[in-house]
Amino acid sequence: FETDGISFYAQLLGEEAKVRDWVFCDYDPRWGRFEKSRYVHNKEWKLYENGEMYNISVDPLEQNVFTEDNLPESAQALREEFSQVLNQMK
């Protein structure tokens, strides 16, 4: 898959850099009993490719899943944005 080419190297050096409000992760461990997963998250919300969404700021252990039916209205636009990112990164 293609990436968007935005590096965070300048941020590590304390320099001004182009930044996003979210991070994409393609987690594919080749050892242990860990499962592959793809997700997008920011400091508050995390959306997995399977549609599960969590408010990680209040639920860091991801025990309470939000579906489209019970997702707060304030997070619905973010869910759509994160879904688009996941689709673009296929």
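Data block above holds the structure.
The following paragraphs examine the structure supplied in this document. All of these numbers come straight from a predicted model, not from anything done at the bench. Positions within a chain are numbered from 1, following the residues in the order the chain's sequence is written. Only residues with pLDDT of at least 70 are given local features in this predicted model, and only at 80 or more are side-chain atom pairs given and counted; all residues enter the totals for whole chains, interfaces and linings. Calculation of side-chain values draws on the structure's entire complement of heavy atoms; hydrogens and water are dropped beforehand.

1. Brief notes about the pairing of strand β3 (residues 45–48)
This is how the line gets drawn: Accessibility here uses a 1.4 Å probe with only protein chains present; expressed as a share of the type maximum, an area under 20% marks a residue as buried, one over 50% as exposed, and anything in between as partly exposed. Numbering of helices and strands starts at the N terminus; helices are DSSP runs of H or I of at least 4 residues and strands are runs of E of at least 2. Pairing between strands requires that DSSP locate at least two bridges from one strand to the other.
Of the two faces of β3, the one lined by Trp 45 and Leu 47 and the one lined by Lys 46 and Tyr 48 are each fully buried. Relative to β3, strand β2 (residues 37–41) is paired through three bridges, and the arrangement is antiparallel. When the bridges of β3 are listed, Tyr 39 appears paired with Tyr 48. What sits between the antiparallel neighbours β2 and β3 is a turn of three residues. Pairing of β3 with strand β4 (residues 53–55) involves three bridges; the strand directions are antiparallel. By the bridge assignment for β4, Leu 47 is matched with Met 53.

2. Describing the sheet that holds β2
Under the convention used in this document: Between N-to-C directions, angles cover 0 to 180 degrees, with each direction set by a line fitted to C-alpha atoms, over the stretch in contact for helices.
Here we have four strands laid out as an open sheet, ordered β1-β2-β3-β4, and antiparallel in their pairing. Either end of the sheet is taken by a strand with one partner, and the two such strands are β1 (23–27) and β4. Taken over all neighbouring pairs, the strand axes of this sheet differ in orientation by 20° on average, direction set aside.

3. Quick look at the layout of surface pockets
Basically, it comes down to this: A cavity, in this analysis, means grid points on a 1 Å lattice covering only the protein atoms where a 1.4 Å probe fits yet has no way out; a pocket is instead an open set bounded by protein on both sides within 12 Å along at least five of seven lines, and a residue lines either one if it has an atom within 4 Å of a point. Grid points are joined across faces, edges and corners, and a volume is the space filled by probe spheres set on the points.
Estimated volume of the largest pocket: approximately 340 Å³. Lining the largest pocket are 14 residues, and of these Gln 11, Arg 20, Asp 21, Trp 22 and Val 23 sit closest to its centre.

4. Some details on the nonpolar core
Using the following cut-off: Nonpolar cores were defined as sets of buried Ala, Val, Leu, Ile, Met, Phe, Trp, Tyr and Cys residues, with membership established by side-chain atoms within 4.5 Å. The contact criterion used throughout is that any non-hydrogen atoms of two residues lie within 4.5 Å.
Counting 13 residues, the largest nonpolar core has Trp 22, Phe 24, Val 40, Trp 45, Met 53, Phe 82 and Val 85 as the members making the most contacts within it. For this core, the elements supplying multiple residues, two or more each, are β3 and α2 (73–88). Top element by residues in this core is α2. It accounts for five residues. What Val 85 contacts, discounting residues up to four positions off in sequence, is Trp 22, Phe 24 and Val 40.

5. Points about the pattern of salt bridges
To be explicit about the condition: We count a salt bridge whenever a side-chain nitrogen from Lys or Arg sits within 4 Å of a carboxyl oxygen from Asp or Glu.
Evaluation of the coordinates by the stated rule reveals four salt bridges. Between Asp 28 and Arg 30 there is a salt bridge whose closest N-O contact spans 2.8 Å. Overall, the relative accessible area of 30% leaves Asp 28 in the partly exposed class. In this structure Arg 30 comes out as exposed when scored by relative accessible area, which is 71%. As a salt-bridge pair, Glu 62 and Lys 46 come within 2.8 Å of each other at their nearest N and O atoms. Here Lys 46 lies in strand β3 and Glu 62 lies in the loop between β4 and α2, a separation of 16 residues in the sequence. You can call Lys 46 buried: its relative accessible area is 12%. A single network of salt bridges, built from pairs that share partners, joins Asp 26, Arg 38 and Glu 49.

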